[in-house]
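# Close look at the chain arrangement
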Amino acid sequence: MADVAKEAGVSHQTVSRVLNGHPNVRSETRTRVLQAIDKLGYRRNLVARALVTKHSRTLGVVSFDTTLYGPASTVYGIEQAARAAGYFVSVVSLTSIDRAGVRDALDYLAEQGVDGAVVVAPQRSAAEALADLPPGMPAVAVEGAIGGEAGGGQAGDVSVVCVDQVAGGRLATEHLLSLGHETVWHVSGPSDWLEAEGRLAGWRAALEEAGREVPRPLAGDWSPRSGYEAGRSLARMRNVTAVFVANDQMALGVLRAFTEQGVRVPEQVSVVGFDDVPESAYFSPPLTTIRQDFDAVGRHGIEVLIRQLEGGHDGRERLVVPPSFVARASTAPVA
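Parameters at a glance
- Residue positions are given per chain, counted from 1 along the sequence in the order it is written.
- Residues qualify for local features only when their pLDDT is at least 70, as the model is predicted, and side-chain atom pairs are given and counted only at 80 or more; totals for whole chains, interfaces and linings, by contrast, use all residues.
- Note that water and hydrogens are dropped before the side-chain values are worked out from all heavy atoms of the structure.
- Buried Ala, Val, Leu, Ile, Met, Phe, Trp, Tyr and Cys residues form a nonpolar core when they are joined through side-chain atoms within 4.5 Å.
- Partly exposed describes any residue whose relative accessible area lies between the buried limit of under 20% and the exposed limit of over 50%, with all areas from a 1.4 Å probe on protein chains only and scaled to the type maximum.
- Every helix listed is a DSSP run of H or I at least four residues long, and every strand listed is a run of E at least two residues long, numbered separately from the N terminus.
- In what follows, residue pairs with any heavy atoms lying within 4.5 Å of each other are defined as contacts.
- Any two strands with at least two DSSP bridges between them are considered paired.
- Every axis corresponds to a line fitted to the C-alpha atoms, with the helix fit spanning only the stretch in contact, and the corresponding angles, defined between N-to-C directions, vary from 0 to 180 degrees.
- In predicted models, pLDDT denotes the confidence assigned by the predictor to each residue on a 0 to 100 scale.
- By convention, a stacked pair of Phe, Tyr or Trp rings (six-membered ring in the case of Trp) has centres within 6.5 Å and planes under 30 degrees apart, an edge-to-face pair has planes over 60 apart, and any other such pair is tilted.
- Comment: the charge-over-ring label is applied if NZ (Lys) or CZ (Arg) is within 6 Å of the ring centre and within 35 degrees of the ring normal.

In terms of nonpolar packing, the biggest core is built from 45 residues, with L106, V187, L234, V243, V245, F258 and V271 touching the most fellow members. Of the residues forming this core, the biggest block, five residues, is contributed by helix 11 (residues 248–260). Setting aside residues up to four positions removed in sequence, V187 forms contacts with L218, A230, L234, V243, F244, V245, A246, M250 and V254. Of all hydrophobic cores here, the second largest spans 21 residues; its members include V142, V163, L305 and L309.

Set out below in C-alpha cells:
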C-alpha cells in the first residue's frame, strides 16, 4: 500500500479509503489510485486484513452430492448471493452426509477462519448435525425443513431457509384432483430426505382433505432409474390415472416406462414432477412440475447469515420460500 501511495502521490490512508469504497474521496484521486494499483499489480493480503479486522470476508458452505439438481442449484444461489454481498465462499462438498462428517467439515471451516457457515441440509442427519456447531460460529441451514411448516424435521437451533415442500406437494396433488382424477399416486424420494418427507406430507394431506383414497407410495431414490422401475409398476395397474413424482429426474423415468408399456401421457395418465429442471420443458411430453426458487433460497440464506454477523439477529430466523406451479403438457382432464 505504501508503494501504491507513493506512485499515486497520495497518503497511505487515502489508498485504504479507496480500497474500502469510502465515499469521501475525490473521483480524480480515486482514479489515480486505481491506476497505480493496476500498474503495480497490488493485491490486498486478506490474511493480514483478517488479523486486523477479525473478519475474513469468507463464508463456509457445507454441501454434498452436487450432481443432484437441487443441492447444486442451492450452492450456486448461495455463491452468487455471497459474492454480491462482498464475501468469498469456501465450499466443502461431502460424499455422504452424516453427523460426524458435517461436524468435521464445520470444524475445518472454523480452522480456516470463516466468518460463518451455510449448511445445505436436506437430509435428517445433516439437520441433526447442526446441534454440534463449533462454539461461536454463526450458521444458517438451507433446505433443512422447518417442522410442521415445510415438512418435518428441524435443523438444530439455527436459522433455517427452505422451500415449503408441503405446499409444493399440495399444489401438485390439488392440480391433478382439479382435473377430475379420483386419486393421485405418488413416487416418493428417499425416506431420510426432509424434502421428500415434506412433498409426501403435502400429497397425503391434499388427498385426505378431499376425502380421496391414499394409495401406497412407491419409493424412489431421485434417479431416473428408480422412476423407471416405479413407472413399470404403475403401468401394470389399470386404475392409475394420475401420478405425482417427487422430482423431475424420476418423472423422466416414469415417462419412459409409460412409453414402453404403451401408456399415453396425458391421455391415459397425467404426470406432475417437482423441481422444474431446465430439461423438463423438453421431456416428451413437456413436464408439468413444481418450481423451487433456488436463487431466493441462496439470497435469503446469505441475508440471514449476514444479519447474524452484524449482530442484527440471534440466529433463530425461519424463512420459508413458496414454490410455484408450472403447467405444461403432461397433465389433462381425466378421460
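Now that the structure is up, let's keep going.
A few words on the sheet that holds strand 11 (residues 318–321). Overall, parallel pairing links the six strands, which are arranged 2-1-3-4-5-11 in an open sheet. Only two strands of the sheet have a single partner each, and these edge strands are strand 2 (88–94) and strand 11. Within this sheet the neighbouring strands show an average axis-to-axis angle of 15°, counted without direction. Across seven bridges, strand 1 (residues 58–64) lies against strand 2 in parallel orientation. Directly across from L59, in strand 2, lies its bridge partner V89. Running over the sheet, helix 6 (residues 99–111) touches strand 1, strand 2 and strand 3 (116–120) and is turned about 155° from strand 2.

It is worth spelling out the confidence of the model for the protein at this point. Chain-level statistics for the protein give a pLDDT mean of 88 and a share of 91% at 70 or above. Low pLDDT (under 50) marks residues 147–154, which in the prediction has 33 contacts with non-local residues, meaning those over four places away or in another chain.

V265 connects to P266 through a cis peptide bond whose omega is 10°. Of the consecutive residues S284 and P285, the connecting peptide bond is found in the cis state with omega at 0°. Tracing the backbone shows P285 in the loop between strand 9 (270–272) and strand 10 (289–291). Phi is positive for D276, close to 60°, though the residue is something other than glycine. When you line up the elements, D276 lands in the loop between strand 9 and strand 10. Residue classification places D276 among the buried positions, given a relative accessible area of 15%.

Moving on to the packing of aromatic side chains. What the rule picks out here adds up to three aromatic pairs. Plain terms: the ring middles of W193 and W222 are 5.5 Å apart, the flat faces sit at 80° to each other, and that makes the pair edge-to-face. Of this pair, W193 sits in the loop between strand 6 (185–188) and helix 9 (194–209) while W222 is found in the loop between strand 7 (218–219) and helix 10 (224–235), placing the two residues 29 residues apart along the sequence. Seen from the ring of Y87, R57 lies directly overhead, with NZ or CZ sitting 4.0 Å from the centre. Over the ring of F274 we find R199, and its NZ or CZ is 3.9 Å from the ring centre.

The next point concerns the sheet that holds strand 9. As a general point, the strands of a sheet are linked pairwise by backbone hydrogen bonds and lie either parallel or antiparallel. Spatially, 7-6-8-9 is the arrangement adopted by the four strands of the open sheet, whose pairing is parallel. This sheet does not close on itself; its edge strands, each paired only once, are strand 7 and strand 9. Relative to strand 9, strand 8 (residues 242–245) is paired through three bridges, and the arrangement is parallel. Paired with F244 across the strands is V272, a residue of strand 9. Packing against the sheet, helix 9 makes contact with strand 6 and strand 8, and its axis sits at approximately 170° to strand 6.

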